[in-house]
Amino acid sequence: MDTINKQKILNDPIYGFITIPNSLIYDLIQHPYFQRLRRISQMGLSYLVYPGAHHTRFHHALGCMHIMQKAVEVLRFKNISISQEEEDALYIAILLHDIGHGPFSHAMEHSIVENVNHEEISMLFMNKLNQEFEGKLSLAIKIFKGDYHRKFMLQLISSQLDMDRMDYLKRDSFYTGVAEGNINSDRLIQMLNVVDDVLVLEEKGIYSIEKFLMARRLMYWQAYLHKTSLVAELILTKILKRAKFLTQNGTILESSKPFQFFLNTKVELENFDDETLLKFSQLDDFDIISAIKAWQFNDDFILSSLSKMIINRDLLKIKLSSDKFPVEVIQNLINQFSEQNNISKEDTNYFIFKGKIKNQAYSKIAEPIRILKKDKTIEDIVEASDQLNLKALSKPVTKYYICYPKQLQ
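Residues numbered from 1 in each chain as written. Predicted model: local features only at pLDDT ≥ 70, side-chain atom pairs only at ≥ 80, totals over all residues. Heavy atoms only, no water.

Moving on, we get to the overall build of the protein chain. Tallying secondary structure elements over the protein chain gives 19 helices and nine strands in all. At 23 Å, the protein chain has a C-alpha radius of gyration in line with the 22 Å of a compact globule built from 409 residues. The dimensions of the protein chain, computed from C-alpha atoms along their principal axes, are 70 × 60 × 35 Å. Looking at the 409 residues of the protein chain, the share that counts as buried comes to 56%. Approximately 18,900 Å² of the protein chain is accessible, and the part contributed by carbon and sulfur atoms is 50%. If the 50 positive side-chain charges of the protein chain are averaged to one point and the 51 negative ones to another, these points end up 5 Å apart. (Helix = DSSP H or I, 4+ residues; strand = E, 2+ residues; numbered from the N terminus. Rg over C-alpha atoms; globule rule 2.2 N^0.38 Å. Buried < 20%, exposed > 50% of the residue type's maximum accessible area, 1.4 Å probe, protein only. Areas by Shrake-Rupley, 256 points an atom, 1.4 Å probe, with all protein chains shown as cover. Lys, Arg positive; Asp, Glu negative; His and termini not counted. Charge placed at Lys NZ, Arg CZ, Asp CG, Glu CD.)

Listed below in structure tokens is the structure:
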């Protein structure tokens, strides 16, 4: 048998060359479960706002692994012992942290699979891969679940300043062109340290952390919660809900076999078995988009109208406000639309709805970002920083929205 050269390098527009550290990681990347991430957009429908935002979760996962390699290097340089097994486990855990994302992630979580979030599906994928790879992912899974005694390892994967956030802020700002999100991840990684098995950042890096938190806040308002991206994702959720409703009431809709399965089946965590996981692994953005392309010509007024909105980027109007919208405003829109289109008040919910969004760059409830001061004491970034705006950044900001068809005023 030919031995394949598994010491590959990949070219990344952000970091330059990314090295695949060993053959196990190479085999994981080659696995169909992981290759699927090439067909899952990192930012959902944001390309309707930022035409460049077509990068994928595959891209992001490799970027996270790359900066995890840098982090391990820095920590070892500072005499933090990390064994070969722990190092591999960190790479595997960060590489697979998002493997459970479905097409257009968040829209799927609220419509196609019932209350099963992507973290839980990631865990199912990791367990399945662990069987296939004869237990070689066991330590990675232990770290990922927070069961490993060296707490800092989980913090590198999932915390308020983890490799995941460092990569997606830098990557998303690059591909959207939203310069405010560009952070200095190199500087942040150089400042990492570990005290009593807990991740800390040296005081010298405090301004880079402030910049990171500020970038996160701005990226949320300008990109992730941009009102056009938001309304597009909400419409997509409504399309999927309508498709599921129609399918379960006997209408046969044109769609791929895996997609058909999820439209027909009520999928919850309890019945998410190997067969369901296999079907889920065959689902990506292309299934959804090609179905919506077909559905724009469907006889169902609701399904076809909503599908056309996404395909032609002719979306609902969305208004944001710091205050709740009065009930009578919504009632008025519902009455108008129901009469104009001869549909029931209940069905107008597909076109007229309200909700709220929350943006919090730094949470005081979650585990803090800890600063290691020169006198060796440790302080929460909010206390350590002389920036008043960090106090403001830890306050959640809520905005209310209302969506309705453009022809209504």
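Let us look at the sheet that holds strand β8 (residues 378–380). Taken in spatial order, the four strands make up an open sheet running β3-β4-β7-β8, and their pairing is mixed. Every interior strand has two partners, whereas the edge strands, β3 (192–195) and β8, have only one. Pairs of neighbouring strands in the sheet enclose a mean axial angle of 45°, with direction left out of account. One ladder, built from two bridges, connects strand β4 (residues 198–202) with strand β7 (residues 370–372); its direction is parallel. For L201, the partnering residue across the bridge sits in β7 and is I371. (Pairing = 2+ DSSP bridges. Axes fitted to C-alpha atoms, helices over the stretch in contact; angles between N-to-C directions.)

Counting across every chain of the model gives 18 salt bridges. For D197, the salt bridge is made with R150, and the minimal N-O distance between the two is 3.3 Å. In this pair, D197 sits in the loop between β3 and β4 while R150 sits in the loop between α7 (138–145) and α8 (151–157), placing the two residues 47 residues apart along the sequence. Residues E202 and K204 are paired through a salt bridge, measuring 3.7 Å at the closest nitrogen-oxygen approach. Within the structure, one salt-bridge network assembled from shared partners comprises D12, D167 and R171. (Salt bridge = Lys/Arg side-chain N within 4 Å of Asp/Glu carboxyl O.)

Another point: the packing of aromatic side chains. What the rule picks out here adds up to 12 aromatic pairs. With a centroid separation of 5.1 Å and an interplanar angle of 90°, the aromatic rings of F261 and F262 are classed as edge-to-face. Looking at F262, the relative accessible area reads 0%, which means it is buried. Look at F337 and F351: their rings are 4.9 Å apart centre to centre, the planes differ by 45°, and that puts the pair in the tilted class. Linking F337 in helix α17 (residues 327–341) with F351 in the loop between α17 and β6 (353–359), this pair joins segments that are 14 residues apart in sequence. Each member of the pair, F337 together with F351, is buried. Here the aromatic cluster, defined as three or more aromatic residues joined through ring pairs, consists of Y33, F125, F261, F262, F272 and F280. One cation-aromatic arrangement involves R38 over F58; the distance from NZ or CZ to the ring centre is 3.9 Å. Between the NZ or CZ atom of K399 and the centre of the ring of W221, over which it lies, the distance is 4.2 Å. (Phe/Tyr/Trp six-rings, centres within 6.5 Å; stacked < 30°, edge-to-face > 60°. Lys NZ or Arg CZ within 6 Å of the ring centre and 35° of its normal.)

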